Structure formats: structure tokens, C-alpha cells
Amino acid sequence: MLEPILQQLNSKRIVLASSSPRRRQILGNIPSPDLIIGADTIVTNGKSIFEKPSSKDHAIEMITRLNKMACCDLDYFYLLLGYAAKNSFCGRSHKVLTSVVLVTPKSSDMFKGRISLNARLDITQFEEESEVSMPNLTEDIIKSYVNTGESMDKAGGYGIQAVGGSLVSGIHGDYFNVMGFPLHRFCVELRNICILR
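Remember, predicted model here, so these are calculated numbers, not experimental data. (Residues numbered from 1 in each chain as written. Predicted model: local features only at pLDDT ≥ 70, side-chain atom pairs only at ≥ 80, totals over all residues. Heavy atoms only, no water.)

A. Summary view of the nonpolar core. Counting residues in each nonpolar core, the largest one holds 20 residues, and the members touching the most others are Ile 63, Val 146 and Tyr 158. For this core, the secondary structure elements donating two or more residues are helix H3 (56-80) and helix H4 (139-146). By residue number, the principal contributor to this core is H3, which donates five residues. The residues contacting Val 146, other than those within four sequence positions of it, are Lys 56, Ala 59, Ile 60, Ile 63 and Ser 151. (Core = buried A, V, L, I, M, F, W, Y, C linked by side-chain atoms within 4.5 Å. Buried < 20%, exposed > 50% of the residue type's maximum accessible area, 1.4 Å probe, protein only. Helix = DSSP H or I, 4+ residues; strand = E, 2+ residues; numbered from the N terminus. Contact = heavy atoms within 4.5 Å.)

B. Quick peek at the environment of Glu 129. Tracing the chain through its elements places Glu 129 in strand E6 (residues 121-133). Glu 129 sits 30 residues away from Ser 99 along the chain, and the two C-alpha atoms are 9.0 Å apart. Those residues in contact with Glu 129 that lie beyond four places of it in its chain are Lys 95, Val 96, Leu 97 and Asn 177. One polar contact links Glu 129 to Lys 95, side chain to side chain, over a distance of 3.3 Å. (Polar contact = N/O pair within 3.5 Å; in protein donor to acceptor, adjacent residues only side chain to side chain.)

C. Fine view of H4. All buried positions along H4 are accounted for by Ile 142, Tyr 145 and Val 146. Relative to the axis of H4, the buried residues are bounded by an arc of 95 degrees and lie together on one face. (Arc of directions from axis to C-beta.)

D. Representation of helix H6 (residues 183-193) in the model. Of the positions making up H6, those classed as buried are Phe 186, Cys 187, Glu 189, Leu 190 and Ile 193. Buried positions along H6 lie against helix H1 (6-10), strand E2 (35-45), strand E4 (93-105) and E6.

E. Inspection of the pairing of E4 at higher detail. Sheet analysis places E2 next to E4, joined by nine bridges and oriented antiparallel. Its bridge partner lying in E4, Ile 37 is registered against Leu 102. Examined bridge by bridge, E4 and E6 share 13 bridges and lie antiparallel to one another. Residue pairing across strands places Val 101 opposite Gln 125, the latter belonging to E6. (Pairing = 2+ DSSP bridges.)

F. Spatial organisation of the packing of aromatic side chains. Summed over the entire model, instances satisfying the criterion amount to two aromatic pairs. For the ring pair Tyr 175 and Phe 176, a centre distance of 5.6 Å and an interplane angle of 80 degrees mean the geometry is edge-to-face. (Phe/Tyr/Trp six-rings, centres within 6.5 Å; stacked < 30°, edge-to-face > 60°.)

Everything listed is a geometric property; what it means functionally is a separate question.
If you want it as C-alpha cells, here you go:
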């Protein structure tokens, strides 16, 4: 997707933005970049938003809620209709949303952002959404997974790219978005703001 412009991209200063103090210090030492990429991912199920867990107990609670919430909602619907709960037919799906912002200087010879941020910078912003399904997970499976330590820096308390992939029964959308960065959409958007083609 980016092959036609890779040579030009490799000659540019591209920075991945972050709010961590360590990365902020590093960014302060870099001359004016040609492209700044910022991204953040959340997991949502209905009205609840799941960011990164603050503790192992919080991670267990998150995964348990993601696993059970859709089921409970569907059970409630069946009970309202006078039927027995249909727990085994629950989809147990949730959404993974990533928002990406591309910041480019107006003086860039390679990029032209979509929206003017100020006299010096343009921005381009987009979101990607993927739907993830989980099977019925037991408390033991959830606790064992959290004890791997993998869940602590992941939105929703799980990471699909390693052991956490065993908690996922299906994906509708971009796998890389579930990992935290929608690679294909990023490439499309980057090509769209690229002046050189």
C-alpha cells in the first residue's frame, strides 16, 4: 500500500506521539518532525468504556464484564418476552475503537492534512472500529490469563496478539485495530494526504 512512497517516507522525520514523560522528553530533542502520529484505543460494550486496567483485579473485572455483559443483556430481553434465558446463544461481542490523528506542518513538501489546526499545522483524524467476539470464559480461564501479566497494558484487559488471542472466538474488522493500530486504514489515510505519489 505504501510501497510507491516508501523511499520518500524513509527520508522524513516521523514521530509516534505519546503522553508518557519518557517519550515527551525524547520528542523534545527531535527537530521539527514531518509527521506526528497519535493514536489511542478503547474497548466498549454498550455504554461502558474499558481502557487499560489499573490492577490484576481490575483486569479480571473487565474481561468478566466483556464476557458476560452481552449475555446478560440478551438474557434480560428473553425474560421480558417470557422465555427462559438463552445464555448459550449469546454473542458476547464488544467493539474495539481506535482514533488516529496525523499532524503535519503546513510547510511540508510531502503531506497536506485535511484540516487546518493553526498557522503552522494541519491535522487529519480518523477512527476505526472492529467487533470482537469471545466464547463463554470461566473464571479460572480469566484469572489464569490475567496472571500471565499480559493484560496490564491493554485496553479491555486483553491482547489479541499473544496468549489473549485464545480468549477471542471471532473478529469482524481489522485485526491490527484490535492490536491497537489500524494499519490498513492508516496506510490509506497517509496516501490520501500525501502530495507525492
